[in-house]
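# Structure at a glance
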Amino acid sequence: MIRHIVFFTVKPDMDVETVREGLMNLGRIPHSSHFEVSVNRKVDLYENQIDIVVYAEFENEAALHAFKADPIYSQTTAKVRPMRDLRFSADVTSGN
């Protein structure tokens, strides 16, 4: 299983909930076995810069590639990109 985790910061003049709702559109893509978009609770002792976390699980590399190749992915990215500042992404294999 592959865990796809993406951290976003939202531009100061943008609404976090609007960005979260935009990212929720990715959940319509059928290739993930689990998908969620959450607002960071910002309770970390050292750093609370991250506003939104996207977390998805994929059975294998082919499912992750199919997810990223879906037209909904590029449409959502185009809509959300102007509203965010930073984006950090990690794809990790479960158990490693």
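Residues numbered from 1 in each chain as written. Predicted model: local features only at pLDDT ≥ 70, side-chain atom pairs only at ≥ 80, totals over all residues. Heavy atoms only, no water.

## Comments concerning helix α2 (residues 61–69)
Within the sequence span of α2, burial applies to A63, L64 and F67. Buried residues in α2, looked at end-on, bunch into an arc of 100°, giving them a common side. Within α2, the exposed residues directed more than 90 degrees away from the buried face are A62 and A69. Summarising the contacts, the buried residues of α2 are in contact with β1 (2–10), β2 (34–39), β3 (52–58), α3 (71–80) and β4 (84–93). The distance from a side-chain oxygen at the start of α2 to the backbone nitrogen of A62 is 3.1 Å, and the residue carrying that oxygen is N60. (Buried < 20%, exposed > 50% of the residue type's maximum accessible area, 1.4 Å probe, protein only. Helix = DSSP H or I, 4+ residues; strand = E, 2+ residues; numbered from the N terminus. Arc of directions from axis to C-beta. Contact = heavy atoms within 4.5 Å. Polar contact = N/O pair within 3.5 Å; in protein donor to acceptor, adjacent residues only side chain to side chain.)

## Let's talk about the pattern of salt bridges
Considering all chains together, one arrives at 3 salt bridges under this definition. E17 serves as the salt-bridge partner of R20, at 2.7 Å between the closest nitrogen and oxygen. Residue R20 and its partner E17 are located together in helix α1 (residues 16–24), separated by 3 residues, close to a single helical turn. Overall, E17 belongs to the partly exposed group, its relative accessible area being 30%. Across the salt bridge formed by D51 and K42, the nearest N and O atoms sit 2.5 Å from each other. (Salt bridge = Lys/Arg side-chain N within 4 Å of Asp/Glu carboxyl O.)

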